[in-house]
Amino acid sequence: MILSTGSYIINDTLMKLATEGLPPYEVLFLRGAAATLWGIPMLFVLGYGRQFPLLVEKRVLTRNLFETAAILAYVVALANMQIADSTALGQVTPLLVLLGASLLFGERIGGLRMALIGVGFAGALMIAQPTMQGISVYALLALANAALSAARDLTGRRVAAEIPGMIVAISAVLVVLVGAGFAHLATERWIMPSAHHLLLMAGAGFFLIFGHFFIFMAYRVGPTGVVAPFYYCFTVWAVISGLLVFGQFPNALAVVGILLVVASGLTIVLLDGRRRRLAIVA
């Protein structure tokens, strides 16, 4: 999950740089095209060429339709509200994933772990520092992104174990590419991208693949209660990106928030490790 959130932030950073000269859905489409050019050869190199039909397997496709709806909602919200507000609303995702895992899969979360997740959520809010100037349709879209992302991750848990994670990741790239293409044609005017834009999209597409791959594998192999809190690392990576790329240094409140996010995640890992050692001894 840490690798996934880091990959997504690199992708988002490159996309943000590209949207300075291009409309958002066109950027999404170009990113998807670049990711496809990276991803299809990668499937052959990994020996998955004969498994191409799994790209549209029912549960894989369902997961990635949720992904497409989430990113389309997020882009519109991000373009029309402060980034701190949209980021803060997105932090609802891991809580919804945990609730869904408990209700749908019968996973036991435990009071202490829920409390630590709440600490991570509070830390993420301290980093994002939203103003929340009323609830608008764009705020509702940001909440829809959180709900759809949770649905994506819960649906991903139902994907058959024999379907490779990279197949799921490339399928997500292709489904979002199609969705972004339709959204662009319906709402935007094409602007010819420069070589600089294309280079940014090549990098974004590369890291997008690994963002999709690592988040799917995290929920496939790890207990939801352990994995979900590390979604908050997204906010930590965002602060690092702001510092290194945009020259935005976090204030004291954001620094405290980062410490809370890290402490929450590490404590959950330590608790899980202790539980497993006790189980072995027993």
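See the structure shown above.
What comes next concerns the included structure.

Conventions used here
Residues numbered from 1 in each chain as written. Predicted model: local features only at pLDDT ≥ 70, side-chain atom pairs only at ≥ 80, totals over all residues. Heavy atoms only, no water. Helix = DSSP H or I, 4+ residues; strand = E, 2+ residues; numbered from the N terminus. Rg over C-alpha atoms; globule rule 2.2 N^0.38 Å. Buried < 20%, exposed > 50% of the residue type's maximum accessible area, 1.4 Å probe, protein only. Contact = heavy atoms within 4.5 Å. Areas by Shrake-Rupley, 256 points an atom, 1.4 Å probe, with all protein chains shown as cover. Phe/Tyr/Trp six-rings, centres within 6.5 Å; stacked < 30°, edge-to-face > 60°. Core = buried A, V, L, I, M, F, W, Y, C linked by side-chain atoms within 4.5 Å. Expected span 1.5 Å × (residues − 1). Axes fitted to C-alpha atoms, helices over the stretch in contact; angles between N-to-C directions. Parallel < 35°, antiparallel > 145°, perpendicular 65-115°, else oblique. Left-handed = near helix turned anticlockwise from the far one by under 90°. Nonpolar A, V, L, I, M, F, W, Y, C, P; charged D, E, K, R; others polar. Salt bridge = Lys/Arg side-chain N within 4 Å of Asp/Glu carboxyl O.

With that settled, consider the overall build of the protein. When helices and strands are counted, the protein shows twelve helices and zero strands. N-terminal to C-terminal, the α/β element order of the protein is α-α-α-α-α-α-α-α-α-α-α-α. Taken over C-alpha atoms, the radius of gyration comes to 19 Å for the protein, in line with the 19 Å a tight globule of 282 residues would show. The principal-axis extents of the C-alpha atoms in the protein amount to approximately 60 × 50 × 30 Å. Across the 282 residues in the protein, those meeting the buried criterion constitute 49%. For the protein, long-range pairs separated by at least 24 residues make up 91% of all intrachain contacts whose partners lie at least 6 apart in sequence. Summed over its atoms, the accessible surface of the protein is roughly 13,400 Å², and 72% of this surface lies on carbon and sulfur atoms.

Moving on, we get to the packing of aromatic side chains. All chains considered together, the criterion is met by seven aromatic pairs. Residues Phe206 and Phe207 carry aromatic rings whose centres are separated by 5.5 Å and whose planes lie at 90° to one another, so their mutual orientation is edge-to-face. With relative accessibility at 28%, the residue Phe207 sits in the partly exposed group. Cluster of aromatic residues (ring-pair linked, three or more members): Trp38, Phe206, Phe207, Phe210, Phe213 and Phe214.

Moving on: the nonpolar core. Within the largest apolar cluster, 43 residues are counted, with the highest numbers of intra-cluster contacts made by Met1, Met166, Ile209 and Tyr219. Once you skip the residues sitting within four places of it in the chain, Met166 turns out to touch Met42, Leu43, Leu46, Tyr48, Ile209, Phe210 and Phe213.

Counted at 1.5 Å a residue, the expected span for helix α1 (residues 2-18) with its 17 residues is 24 Å, and the 25 Å between its end C-alpha atoms agrees. Regarding α1, the residues found buried are Ser4, Thr5, Gly6, Ser7, Tyr8, Ile9, Asn11, Thr13, Leu14, Met15 and Ala18. Where α1 is buried, its residues touch α2 (24-45), α9 (195-221) and α11 (233-244).

A separate point is the packing of α1 against α9. One can describe the packing of α1 onto α9 by two numbers: an axis separation of 8 Å at closest approach and a directional angle of 155°. Comparing the axis directions of α1 and α9 gives the class roughly antiparallel. In this structure, α1 crosses over α9, and the sense of that crossing is left-handed. Together, Leu3, Ser4, Ser7, Tyr8, Ile10, Asn11, Leu14, Met15, Leu17 and Ala18 of α1 and His197, Leu200, Met201, Gly203, Ala204, Phe207, Leu208, Phe210, Gly211, His212, Phe214 and Ile215 of α9 make up the contact between the two elements. A breakdown of the residues in the contact of α1 with α9 according to their chemical character gives 15 nonpolar, seven polar and no charged.

What follows covers the pattern of salt bridges. According to the stated counting rule, one finds two salt bridges in the structure shown. Linking Glu67 and Arg152 is a salt bridge whose minimum nitrogen-to-oxygen distance equals 2.7 Å. Here Glu67, found in helix α3 (residues 58-80), pairs with Arg152, found in helix α7 (residues 137-156); they are 85 residues apart in sequence, far enough to count as distant. Assigned by exposure class, Glu67 and Arg152 land together as buried. Overlapping salt bridges, with partners in common, bring together Glu67, Arg152 and Asp153 in one network.

On to the environment of Ala18, then. Along the chain, Ala18 falls in helix α1. In this view, Ala18 contacts Val27, His197, Leu200 and Met201; residues no more than four positions away in its chain are not counted.

All right, on to the packing of α2 against α9 then. One can describe the packing of α2 onto α9 by two numbers: an axis separation of 7 Å at closest approach and a directional angle of 60°. Between α2 and α9 the crossing geometry is right-handed. Each of Val27, Leu30, Arg31, Ala34, Ala35, Trp38, Gly39 and Met42 in α2 lies in contact with α9, whose residues at this interface are Met201, Ala202, Ala204, Gly205, Phe206, Leu208, Ile209 and Phe210. A per-class count over the contact of α2 with α9 returns 13 nonpolar, two polar and one charged.

Counting through the fold element by element, Tyr231 comes out in the loop between α10 (224-227) and α11. Through-space distance from the C-alpha of Tyr231 to that of Trp190 is 34 Å; in sequence the pair is 41 residues apart. The contacts of Tyr231, once residues within four sequence positions are left out, are Met1, Thr5, Gly90, Thr93 and Pro94.

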